[in-house]
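Structural features, examined
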Amino acid sequence: MQTATSHDAPHGVRQVAIGPERDGQRIDNALVTLLKGVPKSMIYRLLRTGQVRVNGKRAKPDTRLADGDTLRIPPVRVAERPEGNAPAGGLVASVADAIIFEDKHFLVIDKPSGVASHGGSGVSHGAIELLRAARPQEHLELVHRLDRDTSGVLVFARTRAGLTGLQAAIRAGEVTKQYLCLMLGHPSKAKFDVNAPLLKSVLQGGERMVRVADNGKPSLTFFREMEQYPSARLMLATLGTGRTHQIRVHAAHIGHPLAGDPKYGDREMNKRFRDMGLNRLFLHASHMSFDLDGRSYSFSAPLPDDLKGFLDVLAVKGKRLLWMKEKSRTDF
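These lines cover the structure that appears in this document, whether it is placed above or below. Predicted, not measured: the structure shown is a model, and the values here were computed from it. (Residues numbered from 1 in each chain as written. Predicted model: local features only at pLDDT ≥ 70, side-chain atom pairs only at ≥ 80, totals over all residues. Heavy atoms only, no water.)

**Re the side chain of Arg 14**
Structurally, the position occupied by Arg 14 is in strand β2 (residues 13–17). Taking the relative accessible area as the measure of exposure, Arg 14 reaches 17% and is therefore buried. One polar contact links the side chain of Arg 14 to the main-chain carbonyl oxygen of Leu 34, over a distance of 3.2 Å. (Helix = DSSP H or I, 4+ residues; strand = E, 2+ residues; numbered from the N terminus. Buried < 20%, exposed > 50% of the residue type's maximum accessible area, 1.4 Å probe, protein only. Polar contact = N/O pair within 3.5 Å; in protein donor to acceptor, adjacent residues only side chain to side chain.)

**A short note on the nonpolar core**
Residues Ile 109, Phe 156, Cys 181, Phe 223 and Ile 247 are the most contacted members of the largest nonpolar core, which totals 32 residues. The residues contacting Phe 156, other than those within four sequence positions of it, are His 105, Phe 106, Leu 107, Ile 109, Ala 127, Ile 128, Leu 131, Glu 141, Leu 142 and Val 143. Membership of the second largest hydrophobic core comes to 18 residues, among which are Tyr 229, Met 276, Leu 303 and Leu 311. (Core = buried A, V, L, I, M, F, W, Y, C linked by side-chain atoms within 4.5 Å. Contact = heavy atoms within 4.5 Å.)

**A few points about the environment of Asp 312**
Mapped onto the elements, Asp 312 comes out in helix α8 (residues 305–317). Along the backbone, Asp 312 and Tyr 229 are 83 residues apart, and their C-alpha atoms lie at a distance of 9.5 Å.

**So, the packing of aromatic side chains**
Following the criterion strictly, the structure yields nine aromatic pairs and no others. On the numbers, 5.5 Å between centres and 80° between planes, the contact of Phe 106 with Phe 290 is edge-to-face. Of the two residues, Phe 106 sits in strand β7 (residues 106–111) while Phe 290 sits in strand β16 (residues 283–292), which places them 184 residues apart along the sequence. Of the two residues, Phe 106 and Phe 290, neither departs from the other in class, the shared state being buried. Connected via pairs of aromatic rings, a cluster forms that spans Phe 101, Phe 106, Phe 290, Tyr 297 and Phe 299. (Phe/Tyr/Trp six-rings, centres within 6.5 Å; stacked < 30°, edge-to-face > 60°.)

**Here's the deal with the environment of His 144**
Tracing the chain through its elements places His 144 in the loop between β8 (141–142) and β9 (151–157). It is 9.2 Å that separates the C-alpha atoms of His 144 and Leu 166, two residues lying 22 residues apart in sequence. Not counting the four nearest positions on each side in its chain, His 144 is found in contact with Val 153, Leu 154, Val 155, Ile 170, Lys 177 and Met 288. Among the polar contacts listed, one links the side chain of His 144 to the backbone nitrogen of Val 155, at a separation of 3.0 Å.

**Structural notes on the pattern of salt bridges**
Per the counting criterion, the structure on display carries 15 salt bridges. In this structure, Arg 248 engages Asp 147 in a salt bridge whose closest nitrogen and oxygen atoms are separated by 3.2 Å. In this pair, Arg 248 sits in helix α6 (residues 246–253) while Asp 147 sits in the loop between β8 and β9, placing the two residues 101 residues apart along the sequence. Here the salt bridges share partners, and the residues they tie into one network are Glu 102, Arg 135, Glu 138 and Arg 158. (Salt bridge = Lys/Arg side-chain N within 4 Å of Asp/Glu carboxyl O.)

**Concerning the pairing of strand β10 (residues 176–184)**
Buried residues dominate β10, accounting for seven of its nine residues. Pairing of β10 with β16 involves six bridges; the strand directions are antiparallel. Residue pairing for β16: Lys 177 is matched across the bridge by Met 288. For β10 and strand β15 (residues 232–239), the ladder comprises seven bridges, and the chain directions are antiparallel. Directly across from Leu 182, in β15, lies its bridge partner Leu 234. (Pairing = 2+ DSSP bridges.)

**Some remarks on empty space enclosed by the protein**
One pass over the full model with this rule turns up one cavity of 30 Å³ or more. There is about 40 Å³ of room inside the largest cavity. Lining the largest cavity are His 144, Leu 146, Val 153, Lys 177, Tyr 179, Ala 285, His 287 and Met 288. Broken down by secondary-structure element, the contributors of at least two residues to the lining of the largest cavity are β10 and β16. The element contributing the most residues to the lining of the largest cavity is β16, with three residues. Residues belonging to the lining of the largest cavity are distributed by class as follows: five nonpolar, two polar and one charged. (1 Å grid on protein atoms, 1.4 Å probe; cavity = no way out; pocket = protein on both sides within 12 Å on 5 of 7 lines; lining within 4 Å. Points joined across faces, edges and corners; volume = space filled by probe spheres on them. Nonpolar A, V, L, I, M, F, W, Y, C, P; charged D, E, K, R; others polar.)

Structure representation (structure tokens):
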């Protein structure tokens, strides 16, 4: 049963039948999604004054909902959203068309590059908002994130059990995540790992920056060469940990940054590659797999056409490129 809402006219009281997708969710978190546009301060005031009830009883902010509960929500004035704030139909369709898997617990897309995982920080609508617009009757939650420029496998939960189960598996290191990336230069080994702690900081403008630092969090990436190109190597990167910008920073740390990386990459090579048709970061989430409740899940997304096309160009024109010796390190 999906969560359903009815109204007690004329008072505007909402009676919400809780479905399995909210089983075990804290009531304050549920109200944040059910009362979009209502400040959190008002939500906690409603709870504190006993206006929110579960099965007829007053609820506290940490009350856990259960499948089959009836949630009473009092009349609340929700801030009107301007009409122009709705996502463009083309964006909604592009994300809906990117769905590669769905079942009771999960919905998975092959996220296009340029689409954020979620809105915020100057982005009005991310993949989660676009999917909710495409599937307004469904309950969807973002399980993990991909950087805006990174394409590939992105998983959403359709049930509370799927959300908490997969997030617990990610924290326990029981999820395999693999990425295809183009690494500048020629690493001396076809197979190697980078074990370097990463420290995250936020700049004044809100931009996130990550660097290798002794006081950072333990971080491990396994790299394996897939294909050779002039001045570059196509690599498969498997995450041992899941830190912010991990693959990008680890690649730059060993002297072989990712092609097209505007933050940690090589400006001169990025400019040359742009002239050859690479207009974004060459990083693609190609595979994700895990086990949950006795079932094995495995999701894969092929390399996008724009990246495949660039590799074809690089194979021919790249022979004229010279990788600057001072930028290349092979003794790591």
